[in-house]
Amino acid sequence: MLYNLVQIIEQSAKAFPNKGAFRYMEDSITYKELDIKSNQLAHYLITRGVKKGDRVGILMHRCLETSIAIYGILKSGAAYVPIDPFLPNERIKFLINDCDIKHLVSTDKQSKKIRKILLSKHNLETIIGLSDSQNIKTISWKRVYESLLEDYISVDILSDDLSYILYTSGSTGLPKGIMHTHASALAFAKLVVDLYGFKHTDIIANSAPLHFDVSILGYCSAPLASATTVIISDAHLKFPISLAELTEREKVTIWYSVPLLLIELLHKGDIQNKDFSNMRWVLFAGEAFATKQLRALMQLWPHAEFSNIYGPTELNQCTYYNLKVPPKTDNPIPIGTTWKNTEYKILDDKDNVVEPGEEGLLVVRSATMMKGYWNNKALTEASLYKYKIAEGFEHVYYRTGDLVKLNSNNELLFLGRKDSQIKLRGFRIEIGEIENILLNYQGVTEAAVIVTDIAKDKSLVATILTDGASEVSEDNLTVHCKNNLPIYAVPKQILILKSFPRTSSGKINRREIASMIKSSN
Amino acid sequence: MEKTIIKHIENELAVEVIEDGLEASDDLLGSGIVDSLGMMKLVSFIEEQFTIEVAPEEMVIDNFMTVKNICEYIKTKL
């Protein structure tokens, strides 16, 4: 019986020892090798004092070792915490401190970055995966693989133990860590395999970095089916033609990404002249897929089925809408219905269930739901809706904060975020967070960040007011943002205004600012 | 040619300040020195600077992985 993620690899290593589990560029690793190497990493971590409940960081670009890092950390009993290497160093230090990471799994490519991180005060004890010596205990991958297999004593991992923590932006200006257990991650992995009928012959394209929940499908669901996951390199993501060539060469059968990547393939990948006849499922999530674009792609790949996936990171996935034929109208496609082991309600502001067809906020109860936010009980409590059945027994739902309504086919339609949190190219961005960073800058008195279209591209534009005394330039502010925010949250334009348009109650009129920017672009 | 491109990347396109300077053999794409938008800007820069036209089918990893690759590619166009 499977009840933790580690057993996925053990099972596939028994059933298909010599089958490729992961591929990256010219490299690949079989299930047997992955099982062995992750045991060796786990053994090393345990000798360094890692125990159940600990958090171990992964600081890596996309590469083959990501798979060994994930399963090695899990096998040590710890939870893995992916850290985006493209984050500014201040952010990386924040994550490391926030969940008290003592050991970091990495590769030589991050050596320079790590050297900088180690310059300031930290509680790190070990860096795994570095060949050069640093001002801390390091060990190379080569040395990790030299450890004897019989030394590894497996850890008894319960389904309720933590498996990973994914950090996303928080409204207070600091990222929040979403905790998943082995149970919630495994429930997700199983539901995916069941819903899309994953087989061991499938080849899954993973374009997502580890800190993005879309990666769980490639790293957990695919191995559960003993399928092969192709890890797409950072370089391929920047060149649609190369990406299309890779997808064709790898004979990918299942694709999962944000719509943006598919749109780039469609327009710049020269896919008309390539063979994608193996593609049987195209899954997308993270943002709405413009129906016109979706239709154009579906017409090129008529043999594939498409699925619109919805679900905040707190829930992994929770709804889906499958399409066999291209949508007839340009209306946005539904997010569909909840999958198995999941139920939902649509509530009004007072937590009453709305009438069918009325707008309301979606709350979801599912086996795939998070354990809570790391080190933030108040935030966890605030995110839950508890429906009391009897004294001491309640059903717990997650408040998605998303506005939805049912259409006449009983399918959910996504209408938008309740608060100012937005999604841009699949990344979750809290407007308030960017504004807070801008306001931190000496001389900035007010800031309003809005989302608008620049040359048909959804972009962030920041508008600010200054005190008039300090030297504030748009360029300096951009540098300040780059140093403090993930790159996808850095505003494309920063405009210094003399005043803001206001509403009657004196609030900044964002709608007005948006139309001002639109007319000036 | 190499120097011009390196300087432009260091001063205009790099996501973060490159402390020890950029080398012609550094991996521009995998290491996150430039992001997708930066790559687009780099292509326009090359087109203007060397008065060449980068055809869509030439927009591939092999031509843009490193500054060295870029220079080799440009030379085939001159």
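Quick note: structure is the one above.
Residues numbered from 1 in each chain as written. Chains lettered and ligands numbered in written order. Predicted model: local features only at pLDDT ≥ 70, side-chain atom pairs only at ≥ 80, totals over all residues. Heavy atoms only, no water.

Remarks on the packing of aromatic side chains
All names here are of chain A.
And then number 1: In the structure shown here, the tally under the stated rule is 13 aromatic pairs over all chains.
And then number 2: Taking the centre distance of 4.9 Å and the plane angle of 85° together, the rings of phenylalanine 284 and phenylalanine 289 count as edge-to-face. Here phenylalanine 284 matches phenylalanine 289 in class, with each residue buried.
And then number 3: Considering the side-chain rings of tyrosine 385 and tyrosine 397, the 5.6 Å spacing of their centres and the 55° angle between planes classify their relative orientation as tilted. Remark: tyrosine 397 occurs in strand β21 (residues 393-406) and tyrosine 385 occurs in strand β20 (residues 384-390); sequence separation between them is 12 residues.
And then number 4: Owing to a relative accessible area of 8%, tyrosine 385 belongs among the buried residues under this scheme.
And then number 5: Relative accessible area serves as the criterion here: at 3%, tyrosine 397 is assigned to the buried category.
And then number 6: Members of the aromatic cluster, connected to one another through ring pairs, are Phe212, Phe427 and Tyr488.
And then number 7: Its end group placed over the ring of tyrosine 145, lysine 37 keeps NZ or CZ at 4.5 Å from the ring centre.
And then number 8: A cation sits over an aromatic face here: lysine 345 above tyrosine 387, 4.2 Å from the ring centre. (Phe/Tyr/Trp six-rings, centres within 6.5 Å; stacked < 30°, edge-to-face > 60°. Buried < 20%, exposed > 50% of the residue type's maximum accessible area, 1.4 Å probe, protein only. Helix = DSSP H or I, 4+ residues; strand = E, 2+ residues; numbered from the N terminus. Lys NZ or Arg CZ within 6 Å of the ring centre and 35° of its normal.)

Brief notes about the pattern of salt bridges
Residues and elements named next belong to chain A.
And then number 1: In the structure shown here, the tally under the stated rule is 23 salt bridges over all chains.
And then number 2: Residue arginine 62 is joined to aspartate 234 by a salt bridge in which the shortest nitrogen-to-oxygen separation is 2.3 Å. One end of the pair, arginine 62, is in the loop between β3 (55-59) and α3 (65-75); the other, aspartate 234, is in helix α9 (residues 234-238), and 172 residues separate them in sequence.
And then number 3: On the accessibility criterion, arginine 62 (12% relative accessible area) is buried.
And then number 4: Several salt bridges share partner residues, and in doing so they unite Lys292, Arg295 and Asp330 into one network. (Salt bridge = Lys/Arg side-chain N within 4 Å of Asp/Glu carboxyl O.)

Section: the sheet that holds strand β26 (residues 457-466) of chain A
All names here are of chain A.
And then number 1: Taken in spatial order, the three strands make up an open sheet running β25-β26-β27, and their pairing is mixed. The open sheet terminates on both sides in strands that have one partner only, identified here as β25 (444-454) and β27 (493-496). When the angles between neighbouring strand axes are averaged without regard to direction, this sheet yields 25°.
And then number 2: Bridge count for β25 against β26 is 10 bridges, and the pairing is antiparallel. By the bridge assignment, glutamate 446 is partnered in β26 with leucine 465. (Pairing = 2+ DSSP bridges. Axes fitted to C-alpha atoms, helices over the stretch in contact; angles between N-to-C directions.)

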